[in-house]
Amino acid sequence: MQSWCVAIIDESPDNRADIRSMLLNGCDKRLTFLEAGTAEAGIQMVLGATSLPDCIVLDYDLPEMEAPELLAALAGPDGMPVCPVVVVTGSASPQEGRRVLRAGAQDYIGKDWTTGPALVRALENACESWAMARELHQRKTALQLLNDRETFRSLFLDSTRELGEEQALKRVAARLLGQYLKANRVLYGEADETGTVVVGPSYVSGVQQMAGIYNLHDYGPTLLRRLMSGESIVVSDVQTDSTRSDREKSAYAKLEIVAYLIAPILKNGQLVGVLAIHQTSPRDWSADDISIVREIAQRTWAAVEHARAESSLLAKELQLSQMMEIMPSFSAVLTGPDFVVQLANQSFFDLVGRGSEIIGKPVLEALDEIADQPFPALLEQVYRTGTAFEAKAMIARLARGPGKSLIDIFVDFSFLPLYESDGRISGIFVHGLDRTAEVSANLAVAQGTRELRSVTENTPDLLARYDREFRHVFVNSIVEKITGCPVSGIIGKTNRELDMPRDVCDELEKAIRHVFDHQQHRSLDFSLPTLQGPRHFSCRLVPEFNELRQVASVLSVTHDITERRAYEQQLLEQDLRKNEFLATLAHELRNPLAPIRTGLQLLKRSPQTDAAAHTLPVMERQVGHLVRLIDDLLDISRISSGKIVLKCERVAFQEVAVAAVEASQPFIDAAGHALEIVWPDQPLWLDADPTRLMQIFSNLLTNAAKYSYPGGRITFAAQRDGEHVLISVQDTGMGIPADMLGTVFDVFTQVNRTLDRSQGGLGIGLSLVRTLVQMHGGSVQAASGGIDLGSEFTVILPLASAPAEPQSSVAPVLTTIIASRRILVVDDNVDAAETMVMLLELYGYDTCAAFSGEDCLEKVLWFHPDIVFLDIGLPGMNGHEVAQKLLAHPVTAATKLIALTGWGTEEDVRKSTRAGFHAHLTKPVDPEVVEALLATLLPA
């Protein structure tokens, strides 16, 4: 009688008893029962059983979960319940029935109408249905596995078919197999008879690489023997394998291997390689897994062997080509009965006076001049008989030169037959030496030696010859001038033995070794301490070949480039200063031209108004500024050409100083500086040119005014110091960086070169000061605590003894600010701002002026301008920064911005556009352009 184990899961003991009774009365099988009163107990009972029950009778309404949830817990990896299930329900509604069937139950039956025979039939039907479904699923899975396997084989073949490099083959094969098997590591190793396996880069996923050398004996005493017998090694879980020792398990754990599959690769009965698959978790390897791994192992080995054979063949062909190329003799391969030039080296091309264009042509077509010479008949003879031919100093008449005239060339050569694998002659190998140059060379050797000795001993360059151990074989006599060491003390020694700096020795030896190894020139620059101090050198290393075209030594030609490098640096600095000077000159010329041009337009349109009367002094001041710029340029030119002549006379320092203060006072007052004068009561007499002396002090005072923040303090002091007078101009301004104190007197040098350098200047004032002071027999020096810590310039002049009456200075002049209305003009140049305001008022606009970025940001809030003319080079906050703040403020976001500046390059215009300006005008601006632009931006 057949046995049947039924699991009953129902919270009611009475229900379980009823089900047992119905089954026992209605079934002819020998029944055993497993029972559980809760869902959790039922799950544990079924899944924890030694053998699964034949069927489960499941109550639909369990206290903690319903039947569909319990069915989900009992599902296996394939989604089906682990055994047949019949659900018993109280209502037996169609909805509940559909739910349990979708959840995996094979049938459901109502409690109220269940009978013993009906329940037995339901269980029998469920078992048959479950078995059929299981079989169908297994067939579908097997079919899918077969399709996947064939797809993988096709992918593997397609991916490896065109690969010719063995490492690439191994990498691709490992990656494809690893992805297919979802393995953590796939490695390909090549083995030898001792059990040593060399593993290259592997496919890995979540684990470390295992590239290295391993011994199979370290992983068990039988592993090597089993692999050599052709057996695949299959381990599902190393740690639970009782045949493994603790040492072996530890070795596997270090490599993150829990389960593995190893397929051996045998050739002629010898183990030549392994393909191993590793998992970091236990895995039951299927027969299909083992089969595909063994197949891929064999396919990979075959592909690798094929790639190696192809690579070996290509290497031999390349080796032949390289050997021919490096051979000092001429060589060529002629194939077929027409003797087609298949291969030739450069020596052969040089011999025949042709290039690679002869490759692929029959020899009589490539070298038609040999048709009536012995060579074609000799080739025919060797090709027909297979007997090599050799000749010494045989004359060949070959076409050379532009006119292709025939010249006699003496050659030693051989014609050697080339054979196919079947013994047939396939071509002829031509090999020989051109001896023509030997006679000429022998005649020229003595003369050449004398000339070479003359050149090496008279050249300013250091010549040296090195052997492969970096020893000096030859040096010329210039070495004594550079090092103080005689030639005899250098020959046979290395640079290290001569105590040359280590870093220089490293670079030289590296370069010399490269020339020996690669037959290529090398160059390098280095510096050395010499008897003349530190010097810079440029060295060229040239290979010297022996008669076998091998590098026998390396010739070093070393040239002293100290002066050249200093001159190049000087040229770079001069070019930079020239460019900076030209840009600054353009800016400085535009600034005074702007108010002059605007003033002219005012005079033209309204010559009798008060505005016109105010314009003339502005124009005069700006013309004076232009004159001073031009005078400074002329003075620099005169001084450079030696045309300045001092008109010296006996003059009191105080007289000249008063005139200098008068000339500088407008700049001092315009910036709101306080000027302190500290002079002695007694006159300080000098033999000097009063005009040039005033120019010195005026330049220093004007510089102090320009480069001090508004409201600064300037001290103009003088005192007697023995036979000299010390005159100083000290300010509380921007200061001078420490690294510029040494160059501040150089021509075209300026401390600050940013957008806000509105103080102007060409960078020639201090250069003039130094030159003029030196022409008076004095000196000048600059001192500063650093940025924003002020500056002090001290002039030292020799005193004279004649008496004179000193003069005092004059009072400062104040500058006024004009205010107005609906167009705001922002320019720190007061004259430029005021003349633009006057012009705009003549056009009928309400106008107002501001003289800094901060002043602008305050006035726009109450003035509400429609347009702002904005200078870019404002002090402190430049025009671009002001524009950004205006456009970001809701009150002025819609205001039109016009850049009005002395900077007019294309890049300056692009910067203005990026900053949000609506237009960019370059000083001096044409009033008609202003009027037309305003008409566009503010239409009536």
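Residues numbered from 1 in each chain as written. Predicted model: local features only at pLDDT ≥ 70, side-chain atom pairs only at ≥ 80, totals over all residues. Heavy atoms only, no water.

A look at the overall build of the protein
When helices and strands are tallied, the protein shows 25 helices and 34 strands. For the protein, with 940 residues in total, the buried portion stands at 45%. A total accessible area of about 47,700 Å² is found for the protein, and carbon and sulfur atoms account for 54% of it. (Helix = DSSP H or I, 4+ residues; strand = E, 2+ residues; numbered from the N terminus. Buried < 20%, exposed > 50% of the residue type's maximum accessible area, 1.4 Å probe, protein only. Areas by Shrake-Rupley, 256 points an atom, 1.4 Å probe, with all protein chains shown as cover.)

Here we look at the packing of helix H1 (residues 13–26) against helix H5 (residues 116–160)
Interaxial distance between H1 and H5 falls to 8 Å at its minimum, and their mutual angle equals 85 degrees. Here H5 runs roughly perpendicular to H1, going by the angle between their axes. Two secondary-structure elements touch here, H1 through Ile19, Met22, Leu23 and Gly26 and H5 through Gly116, Leu119, Val120 and Leu123. Its residues placed into classes, the contact of H1 with H5 shows six nonpolar, two polar and no charged. (Axes fitted to C-alpha atoms, helices over the stretch in contact; angles between N-to-C directions. Parallel < 35°, antiparallel > 145°, perpendicular 65-115°, else oblique. Contact = heavy atoms within 4.5 Å. Nonpolar A, V, L, I, M, F, W, Y, C, P; charged D, E, K, R; others polar.)

Some thoughts on the nonpolar core
Membership of the largest hydrophobic core comes to 39 residues, with the highest contact counts inside it found for Phe653, Ile696, Phe697, Phe716 and Ile727. Broken down by secondary-structure element, the contributors of at least two residues to this core are helix H18 (653–670), strand S25 (685–688), helix H19 (690–706), strand S26 (713–721), strand S27 (724–731), helix H20 (765–775), strand S28 (779–784) and strand S29 (791–798). In contact with Ile727, other than residues within four places in its own chain, are Phe653, Phe697, Phe716, Ala717, Ala718, Phe793, Thr794, Val795 and Leu797. In this structure, Leu334, Phe339, Ile358 and Val382 belong to the second largest nonpolar core, which totals 29 residues. (Core = buried A, V, L, I, M, F, W, Y, C linked by side-chain atoms within 4.5 Å.)

Quick word on the sheet that holds strand S14 (residues 340–344)
In spatial order, the strands read S14-S13-S17-S16-S15; together these five strands make up an open sheet with antiparallel pairing. Looking at the sheet topology across the chains shown, the edges are occupied by S14 and strand S15 (389–400). Strand-to-strand twist of the sheet, defined as the mean angle between neighbouring strand axes without regard to direction, takes the value 35 degrees. Here strand S13 (residues 330–335) pairs with S14 via four bridges, running antiparallel. Looking at the pairing, Val333 lines up with Leu343 of S14. Of the strands in this sheet, S13, S15, strand S16 (405–419) and strand S17 (425–434) are in contact with helix H12 (residues 375–385), which crosses S16 at around 5 degrees. (Pairing = 2+ DSSP bridges.)

Let's talk about the environment of Leu897
For Leu897, the position within the fold is in strand S33 (residues 896–901). What makes Leu897 buried here is its relative accessible area of 0%. Taking the C-alpha atoms as reference points, Leu897 and His918, separated by 21 residues in sequence, lie 5.4 Å from one another. For Leu897, the contacting residues outside a window of four places in its chain are Val868, Ala883, Leu886, Leu887, Gly916, Phe917, His918 and Ala919.

Structural notes on the packing of aromatic side chains
Think of a pair of aromatic rings as described by two things: how far the centres are apart, and how the planes are tilted against each other in angle. All told, the structure shown has 14 aromatic pairs when counted by the stated rule. Measuring from centroid to centroid gives 5.0 Å for Tyr252 and Tyr260, while their planes differ by 10 degrees, and the two rings are stacked. An identical accessibility class is assigned to Tyr252 and Tyr260; each is buried. Through a chain of ring-to-ring contacts, three or more aromatic side chains come together here, namely Phe375, Phe389, Phe413 and Phe415. (Phe/Tyr/Trp six-rings, centres within 6.5 Å; stacked < 30°, edge-to-face > 60°.)

Topic: H1
Given a rise of 1.5 Å per residue, 14 residues ought to cover 20 Å, and the 20 Å separating the end C-alpha atoms of H1 matches this to within 8%. At its buried positions, H1 is contacted by strand S1 (3–9), strand S2 (30–36), strand S3 (55–59) and H5. (Expected span 1.5 Å × (residues − 1).)

Quick notes on a negative patch on the surface
Together, Glu11, Glu40, Asp61 and Glu64 give the surface a local cluster of negative charge. Its place among the elements puts Glu64 in the loop between S3 and helix H3 (67–73). (Patch = residues over 30% accessible without salt bridge, like charges linked within 9 Å, V, L, I, M, F, W, Y side chains within 5 Å. Salt bridge = Lys/Arg side-chain N within 4 Å of Asp/Glu carboxyl O. Lys, Arg positive; Asp, Glu negative; His and termini not counted. Charge placed at Lys NZ, Arg CZ, Asp CG, Glu CD.)

Considering the pattern of salt bridges
In total, this model carries 36 salt bridges according to the counting rule given. Of the charged contacts, one joins Lys29 and Glu124 as a salt bridge, the two residues approaching to 3.4 Å between their closest N and O atoms. A residue pair is termed long-range when its members are at least 10 positions apart, and Lys29 in the loop between H1 and S2 and Glu124 in helix H5 qualify at 95 residues. On the basis of relative accessibility, which here comes to 28%, the residue Glu124 falls in the partly exposed class.

A few points about helix H23 (residues 879–888)
Along H23, the residues that are buried comprise Gly879, His880, Val882, Ala883 and Leu886. When H23 is viewed along its axis, its buried side chains cluster within an angular range of 160 degrees and face the same direction. Seen from the open side of H23, the exposed residues pointing more than 90 degrees away from its buried face are Gln884 and Ala888. Elements that come into contact with the buried residues of H23 comprise helix H22 (853–863), strand S32 (867–870), S33 and helix H24 (906–915). Capping of H23 at its N-terminal end is provided by Asn878; its side-chain oxygen lies 3.0 Å from the backbone amide nitrogen of His880. (Arc of directions from axis to C-beta. Polar contact = N/O pair within 3.5 Å; in protein donor to acceptor, adjacent residues only side chain to side chain.)

Notes on the confidence of the model for the protein
Here the protein averages 84 in pLDDT, and 89% of its residues register 70 or above. Under a pLDDT of 50 for its full length, residues 806–821 has, in the predicted model, 48 contacts with residues more than four places off or in other chains. (pLDDT = per-residue confidence, 0-100.)

A few points about the pairing of strand S31 (residues 847–850)
Burial along S31 is two-sided: Thr847 and Ala849 facing one way and Cys848 and Ala850 facing the other are all buried. Inspection of the sheet shows strand S30 (residues 823–826) paired to S31 by four bridges, in the parallel sense. Each residue of the ladder has a partner; that of Leu824, found in S31, is Cys848. The parallel pair S30 and S31 is bridged by helix H21 (residues 830–842), and the resulting crossover is right-handed. (Right-handed = clockwise from strand over helix to strand, strands pointing away.)

Quick notes on unusual backbone geometry
With phi around 60 degrees, Glu256 is a residue other than glycine that occupies positive phi space. Locating Glu256 in the fold gives a position in the loop between helix H8 (246–254) and strand S11 (259–267). Its relative accessible area of 31% is what places Glu256 among the partly exposed residues. Despite not being glycine, Phe339 shows a phi value in the positive range, around 55 degrees. Structurally, Phe339 can be placed in the loop between S13 and S14.

Some details on the sheet that holds S30
Backbone-to-backbone hydrogen bonds join strands into a sheet, with any given pair of strands oriented parallel or antiparallel. Read across the open sheet, the five strands follow the order S31-S30-S32-S33-S34; overall the sheet is parallel. This sheet does not close on itself; its edge strands, each paired only once, are S31 and strand S34 (919–922). Within the sheet, the average angular offset between the axes of one strand and its neighbour, ignoring direction, is 20 degrees.

Quick look at the packing of H22 against H23
Two quantities define a packed helix pair, namely the angle between the axes and the distance from one axis to the other. Between H22 and H23, whose axes approach to 10 Å, the crossing angle comes to 20 degrees. Taken together, the axes of H22 and H23 lie roughly parallel to each other. The handedness of the crossing between H22 and H23 is right-handed. Side by side, H22 and H23 meet where Gly853, Cys856, Leu857 and Val860 of the first sit next to Val882, Lys885 and Leu886 of the second. Considered class by class, the residues forming the contact of H22 with H23 number five nonpolar, one polar and one charged. (Left-handed = near helix turned anticlockwise from the far one by under 90°.)

Some details on the side chain of Ser791
Position of Ser791 among the secondary structure elements: in strand S29. A relative accessible area of 7% places Ser791 in the buried class. With sequence-adjacent residues up to four places away left out, Ser791 is seen in contact with Val729, Gln730, Asp731, Gly735, Ile736, Ala783 and Ser784.

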